[in-house]
Amino acid sequence: MIYRNTPIYSGVFKVWTVALAFTLFPLTLSADETATATSADDDSIVEIESASKTQTLVADPEAPVEVDPERIKKVKETKKPVDKQVKPKAEQLEPFMMMEKSFAPGVRDTVFWPVMINSLQFNIPVIVAHGARQGPVMCMTAAVHGDELNGIEIARRVIYGLDPEKLAGTVVAVPIVNMEGFMKQQRYMADRRDMNRFFPGDPNGVTPARFAYALMEMVIQHCDALIDLHTGSFYRTNLPQLRADLKDEKVARMVTRFGGMTVLQSAGKPGMLRNAAVAMGIPAVTMEVGGPLSLELEAVEFGVKAINTFLGELGMTKRLSFWKAPQPVFYESQWVMSNHSGILLASVKLGDKVKDGEVLAEIINPVTNAKEKVKAPYAGTVLGMAVNQFVSPGFVIFRIGKETTESELRDEAIKDETEAARATTSKALDKMIDNEERPAGTNW
Ligand SMILES: [Zn+2]
């Protein structure tokens, strides 16, 4: 089962092999002691100084990762065509190939991607559920940031909740992409760089670029759609939500299949996994669920339900979606910052609808007892927030999604990007309504 003879990361010292069981979370919940956030939140703004100064991809002969071009070539040759059509006859089904391992129809199994970390070999598990019926390949990645645990549990629940014999298509899960960060309970890789700024990667680049390149070659290129699972970062938490660039029509159609999960327009940043996937023609979203270093089971269950809805909507599983409320879509959002230093005491919670000028929190100076009231800049919904803690001036506390109506958008001539995203979503929705047939294959 263990794929170990032709590793993408080859090395002389194959001393130790570790296969991780996902049911084990031997983690002591503690703060990330190394990274320094200069700004706020999840995958959009946090950056570490050391990374931003050295982000240029330069071949580094000392870097521990080597890539075997022959193997990459071999893997490329085994890639399934993206434009395959649905073939309902079971006898036409072929095994699914990944990393030279063959998965028979109706089977769930694991292939291990060997990586060398400090001269020791670790195996990053890639779990595949290959359905007995034809259909698309849906991929999930989690823990690209090593301290984000909710996504690991979401991926486990989804892939082990499937019955491959009843599945149409293939579901692929990489529950722990950033093994280095995961083992250290840290967001970044050991070199303090953010892997999610280095996609699609470079086989001759710095360590995270090499990992990114290998992930794209080994896994992502096989996918017809990608859900990259994340959480807020550094003592911040996010309402379960999809971040997606709705200007891309395939992405705009994809997000409408997640039931009632909130959608936030986000163009993303260069180097992000979802941007790299979309650039390859693979529709991709980031699913943000909760905060780092914790397992928030209610939020996890919400994420699982949304992904299962997605699989049902694609016809990969039996359709089962019961969502009470329609899906909120936010085309704009803004961060609210502190202007003073002190202890943050929030008076709202994730998902709350707030009015223009409503008090969201107080920041209280522990020495002088002076209080700053933090107010909502406009009416909206709390999509992300910091947990109560000591803050400094300029600390990003709340992310408020702005609720805009069609007429407001027209009247205020809100920036082109927002309008373009909205227009694409409407068009995608119209198409879905026009075409009552369940989508098949890669017809997003
Ligand atoms: Zn993340």
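Quantities reported herein were computed from a predicted structural model and do not represent experimental measurements. (Residues numbered from 1 in each chain as written. Predicted model: local features only at pLDDT ≥ 70, side-chain atom pairs only at ≥ 80, totals over all residues.)

Visitor: What is the right way to read the overall build of the chain from this model?
Guide: Scanning the chain from terminus to terminus reveals 10 helices and 19 strands. Taken over 444 residues, the chain has a buried fraction of 48%. For the chain, long-range pairs separated by at least 24 residues make up 73% of all intrachain contacts whose partners lie at least 6 apart in sequence. (Helix = DSSP H or I, 4+ residues; strand = E, 2+ residues; numbered from the N terminus. Buried ≥ 20, exposed ≤ 12 C-beta atoms within 10 Å, placed from the backbone. Contact = placed C-beta atoms within 7 Å.)

Visitor: Help me understand the environment of N178 in this model?
Guide: With respect to the element layout, N178 can be found in the loop between β6 (168-174) and α4 (179-184). Taking the number of C-beta atoms within 10 Å as the measure of exposure, N178 has 28 and is therefore buried. When the C-alpha atoms of N178 and M189 are compared, they prove to be 6.9 Å apart, with 11 residues separating the residues in sequence. With residues near it in sequence (within four places) discarded, N178 still touches A143, V144, H145, G146, M189 and M195.

Visitor: Got a minute to help me understand the environment of A209 in this structure?
Guide: Along the chain, A209 turns up in helix α5 (residues 207-218). Look at A209 and you get buried, because 27 C-beta atoms sit within 10 Å. The spatial distance from the C-alpha of A209 to the C-alpha of N196 is 9.3 Å, given a sequence separation of 13 residues.

Visitor: Would you mind going over the nonpolar core with me for this structure?
Guide: Note on soluble globular proteins: their nonpolar side chains tend to be buried together. Of all hydrophobic cores here, the largest spans 111 residues; its most connected members are V126, V255 and I397. For this core, the two domains that each supply at least three residues are domain 1 (49-313) and domain 2 (332-402). Those residues in contact with I397 that sit more than four places away from it in its chain are V336, M337, S338, L344, A361, V374, M385, A386 and V391. (Core = buried A, V, L, I, M, F, W, Y, C linked by C-beta atoms within 7 Å. Domains from an automatic or database assignment.)

Visitor: Just to check I follow, could you spell out the pairing of strand β13 (residues 342-346) for this structure?
Guide: In this sheet, strand β18 (residues 390-391) lies alongside β13 in antiparallel orientation, the contact comprising 2 bridges. The partner of I343 across the bridge, within β18, is F390. Here β13 runs beside strand β15 (residues 359-364); their pairing, made up of 4 bridges, is antiparallel. Each residue of the ladder has a partner; that of I343, found in β15, is I364. (Pairing = 2+ DSSP bridges.)

Visitor: Could you clarify how one ought to interpret the sheet that holds β13 in this entry?
Guide: Each strand in a sheet pairs with its neighbour through backbone hydrogen bonds, running either in the same direction (parallel) or in the opposite one (antiparallel). Overall, antiparallel pairing links the 4 strands, which are arranged β16-β15-β13-β18 in an open sheet. The outermost strands of the open sheet, each flanked by one partner alone, are β16 (371-375) and β18. Both β15 and β16 contribute to a ladder of 5 bridges, which runs antiparallel. If you follow V359 over to β16, its bridge partner there is K375.

Visitor: Help me understand unusual backbone geometry in this model?
Guide: Outside of glycine, negative phi angles account for most residues, and trans bonds account for most peptide bonds. Residue F199 is joined to P200 through a cis peptide bond whose omega torsion reads 5 degrees. With respect to the helices, strands and loops of the structure, P200 is situated in the loop between α4 and α5. Even without a glycine there, the phi angle at M99 is positive, about 50 degrees. With respect to the element layout, M99 can be found in the loop between β1 (96-98) and β2 (101-103). Of note in this structure, F234 is not a glycine but carries a positive phi near 50 degrees. Structurally, the position occupied by F234 is in the loop between β7 (225-230) and β8 (236-244). When the 23 C-beta atoms within 10 Å are taken as the criterion, F234 is described as buried.

Visitor: When you look at α5 in this model, what are you seeing that I'm missing?
Guide: In an α-helix there are 3.6 residues to a turn, and that puts residues three or four apart on one side. A rise of 1.5 Å per residue sets the reference length of α5, with its 12 residues, at 16 Å; its end C-alpha atoms lie 16 Å apart and thus fit the reference within 8%. Among the 12 residues of α5, 11 are classified as buried, and the element is accordingly described as predominantly covered. Taken residue by residue, α5 has T207, P208, A209, R210, F211, A212, Y213, A214, L215, E217 and M218 as its buried positions. (Expected span 1.5 Å × (residues − 1).)

Visitor: What am I meant to see in the packing of helix α3 (residues 150-160) against helix α8 (residues 297-313) here?
Guide: Axis angle and axis distance: for two packed helices, these are the angle between their axes and the distance between the axes, and together they describe the pair. Relative orientation of the contacting elements α3 and α8 amounts to 45 degrees, with a least axis distance of 9 Å. Classified by the angle between their axes, α3 and α8 sit oblique to one another. Seen along the crossing, α3 lies across α8 with a hand that is right-handed. Each of N150, E153, I154, R157 and V158 in α3 lies in contact with α8, whose residues at this interface are A299, V300, G303, V304, I307 and N308. Grouping the constituent residues of the contact of α3 with α8 by class yields 6 nonpolar, 3 polar and 2 charged. (Axes fitted to C-alpha atoms, helices over the stretch in contact; angles between N-to-C directions. Parallel < 35°, antiparallel > 145°, perpendicular 65-115°, else oblique. Left-handed = near helix turned anticlockwise from the far one by under 90°. Nonpolar A, V, L, I, M, F, W, Y, C, P; charged D, E, K, R; others polar.)

Visitor: Looking at this model, I keep getting lost on the confidence of the model for the chain. Mind explaining?
Guide: Low pLDDT means the predicted coordinates in that region are not meant to be read closely. Across the chain, the average pLDDT comes to 79, with 70% of residues at 70 or higher. Here residues 78-89 scores under 50 on pLDDT; set against residues more than four positions off or in separate chains, the count is 18 contacts. (pLDDT = per-residue confidence, 0-100.)

Visitor: It is not clear to me how the environment of V172 should be interpreted in this structure. Could you clarify?
Guide: Secondary-structure assignment places V172 in strand β6. For the pair V172 and M98, spaced 74 residues apart in sequence, the C-alpha to C-alpha distance is 9.8 Å. When sequence neighbours within four positions are dropped, the list of residues in contact with V172 reads V126, V128, V137, C139, V219, H222 and C223.

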